[in-house]
Amino acid sequence: MSTIDLHGKTWTEALAEFLDSYNRVARTPDASASSLDVVHGYGSTGSGGVLRQRLRGFLAKYPQCLEFKPGEDVDGNPGHTLVLPLRKLPDTGGLLAEHIWEYCENPRTVSKIAGRFRRFGDPQVQQAIRTLEKQGRLSQLSKGRLKEYLAV
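Computed from a prediction, not measured in an experiment: that's the story for all the values here. (Residues numbered from 1 in each chain as written. Predicted model: local features only at pLDDT ≥ 70, side-chain atom pairs only at ≥ 80, totals over all residues. Heavy atoms only, no water.)

Engineer: What exactly am I supposed to notice about helix H6 (residues 122–134) here?
Structural biologist: Counting along an α-helix, one turn takes 3.6 residues, and residues three or four places apart therefore face a common direction. For H6, spanning 13 residues, the distance from its first C-alpha to its last is 18 Å, which sits close to the expected 18 Å at 1.5 Å a residue. Those residues of H6 that fall on the buried side of the exposure criterion are Val 125, Ala 128, Ile 129 and Leu 132. One side of H6 carries all its buried residues, which in axial view fall inside an arc of 100°. H6 presents Pro 123 and Lys 134 as exposed residues on the side facing more than 90 degrees away from its buried surface. Looking at the buried positions of H6, the neighbouring elements they touch are helix H4 (92–103), helix H5 (110–116), strand S6 (138–143) and strand S7 (146–151). (Helix = DSSP H or I, 4+ residues; strand = E, 2+ residues; numbered from the N terminus. Expected span 1.5 Å × (residues − 1). Buried < 20%, exposed > 50% of the residue type's maximum accessible area, 1.4 Å probe, protein only. Arc of directions from axis to C-beta. Contact = heavy atoms within 4.5 Å.)

If you want it as structure tokens, here you go:
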């Protein structure tokens, strides 16, 4: 079992580190025999920290790729989560593109998209938009002088 400690990280940093570690374990020949113990803490209030809530919410979106058990169900410790990799997860660039695609359910300008996802950085947002356009998943609309993007 591998352990990854996410204490003291922002959600963006924690997610990138988790994905890197997870995909490294998932690439091993018998990934289903290996598990990850993700230490995220339980939050200063004891009712659930940001990392714990976001990580478990993220994991719940990928039941086809992994199985997970909250630490409190395993050993009573809510400060960690056990993750069993089944398949590789998308990298942070792929996740950003998925979030942008979902956000563009209604037409959005580049500045709106960039503002919403600014924590990823403008170059990554621009790259994700170009990738989605090439895949035919975002279409460009003209509204006067503005260009808007709409998920297809």
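Engineer: Looking at this structure, how should I read the packing of aromatic side chains?
Structural biologist: Any aromatic ring pair is given by two values, namely how distant the centres are and how the planes are angled relative to each other. Scanning the entire structure with this criterion turns up five aromatic pairs. Note on Phe 18 and Tyr 22: the rings are 5.7 Å apart at their centroids and 40° apart in plane angle, and the pair reads as tilted. Taken together, the residues Phe 18 and Tyr 22, both in helix H1 (residues 11–26) and four residues apart, mark about one turn of the helix. For the pair Phe 18 and Tyr 22, a shared accessibility class is recorded, and that class is buried. One aromatic cluster is present, formed by Phe 18, Tyr 22, Phe 58 and Tyr 62 through successive ring pairs. One residue, Arg 108, lies across the ring of Tyr 103, its end atom 4.1 Å from the ring centre. (Phe/Tyr/Trp six-rings, centres within 6.5 Å; stacked < 30°, edge-to-face > 60°. Lys NZ or Arg CZ within 6 Å of the ring centre and 35° of its normal.)

Engineer: Explain the environment of Ala 114 here, please?
Structural biologist: Its place among the elements puts Ala 114 in helix H5. Given a relative accessible area of 17%, Ala 114 falls into the buried group. Placed 11 residues apart in sequence, Ala 114 and Val 125 show a C-alpha to C-alpha distance of 6.3 Å. For Ala 114, the residues in contact, after removing those within four places along its chain, are Asp 122 and Val 125.

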